[in-house]
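In case you want the letters, here they are:
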Amino acid sequence: MSSNTTARTARRRTLRLAVAALTAAAGLTLTACSGSDAAGTKAAGNTDMSTVAAESSGTGSSAGAQGSDAQAGPGAKADTKADSKVDAKAGTAGKQSGTGHAAGGGKAASPVRTQPLVDGSKAEIYKLGEQHYRAKIVSRGSVLATLETNQHDDGLDANDMFVVLTLGGEVHSWMGGGQTGPGTFKLAGGWTAKVTKLGELRYRAQILGHEGAVYATLETNQHDVGVDANGVYIVLSNGGIISAHE
């Protein structure tokens, strides 16, 4: 083989190797590019997801709050329903109570007895419960006043007629004998009353025994009061007038 032929063959081989190298390099470049794109896309995807996650996290806090609200919402609705049920039950109970009260009122519609009073009027006495009585002062078909005991006696100054309704449902009435406080006054049965003024239409009377010990305290607050002091009936009016009767 001539030297020229050998040289051409060598050049061809070199060209082939160069092309092969270029092809391989291009392939590597494409692969690298593809890998970079994929990695970039993946990275971008991760970044986007991170951003979304962060946004979701932020929204999620807000959504979490909303979610909490949303959860609280139905819960609240449930509670509201529960409350409604409770209220409904309470309402029903109230209605039942009201009905019971009406029924009680129905029973109390007929007085247990009627008793004449010293001024010619009468007291209609109703039993509402244990030691719970009501007395209506009636004159010529009209109710002039009402007394009611509920854990304590009650009293009334009705134009100088004094009335006491006791826890046992007894009514006692008398005329006159009133003394106007403030001051200290001797009462029937050996009692002493120390009357003090606390305010407008508000007086207090301490009922003192023989040795000065306080047996009872009466206090008006816009209305008269009364007490049964061992068979001595005492009324203190909201005007500071006190009267007693055996």
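Model, not experiment: these values are computed from the prediction.

Student: How should the pairing of strand S9 (residues 183-186) be read in this particular structure?
Tutor: Consecutive side chains along a regular strand alternate between the two faces of the sheet. Here S9 runs beside strand S10 (residues 192-199); their pairing, made up of four bridges, is antiparallel. Bridged to Thr 184 within S10 is Lys 194. Counted along the chain from S9 to the antiparallel partner S10, the turn is five residues long, and its residue Gly 189 has a positive phi close to 80 degrees.

Student: Explanation requested: unusual backbone geometry in the structure shown.
Tutor: Glycine aside, the phi torsion of most residues is negative, and most peptide linkages are trans. Cis rather than trans, the peptide bond between Gly 181 and Pro 182 has omega equal to 10 degrees. As for its position among the elements, Pro 182 is in the loop between strand S8 (179-180) and S9. Residue Leu 201 is not a glycine yet carries a positive backbone phi of 55 degrees. Within the element layout of this structure, Leu 201 appears in the loop between S10 and strand S11 (202-208).

Student: Would you mind going over the sheet that holds S8 with me for this structure?
Tutor: Where strands meet in a sheet, backbone hydrogen bonds hold them as pairs that are either parallel or antiparallel. Read from one edge to the other, the open sheet built from four strands follows the order S8-S15-S14-S13, with strand pairing classed as antiparallel. If you trace the sheet from one side to the other, it starts and ends with S8 and strand S13 (225-229), each paired once. Pairing between strand S14 (residues 232-236) and strand S15 (residues 241-245): four bridges, direction antiparallel. Note that in S15 the partner of Ile 234 across the bridge is Ala 244.

Student: Just checking my understanding: could you explain the sheet that holds strand S3 (residues 132-139) for this structure?
Tutor: Strands sit in the order S1-S2-S3-S4 across an open sheet of four strands; the sheet is antiparallel. Of all the strands in the sheet, just strand S1 (113-116) and strand S4 (142-148) have a single pairing partner and so form its edges. Along the sheet, successive strands turn relative to each other by an average axial angle of 25 degrees, direction set aside. As defined by bridge partners, strand S2 (residues 122-129) adjoins S3 across seven bridges and the pair is classed as antiparallel. When the sheet's bridge partners are listed, Glu 124 is paired in S3 with Lys 136.

About the thresholds
- Within every chain, residues take consecutive numbers counted from 1 along the sequence as written.
- Reporting of local features is limited, given that this is a predicted model, to residues whose pLDDT is at least 70; pairs of side-chain atoms are given and counted only at 80 or more, and all residues count toward the totals for whole chains, interfaces and linings.
- The basis for every side-chain value is the complete set of non-hydrogen atoms in the structure, without hydrogens or water.
- Strand pairing is assigned whenever DSSP detects at least two bridges linking the two strands.
- Each helix is a run of DSSP H or I of at least 4 residues and each strand a run of E of at least 2, with the numbering of both proceeding from the N terminus.
- To get an axis, fit a line to the C-alpha atoms, keeping to the stretch in contact for a helix; angles then go from 0 to 180 degrees between the N-to-C directions.

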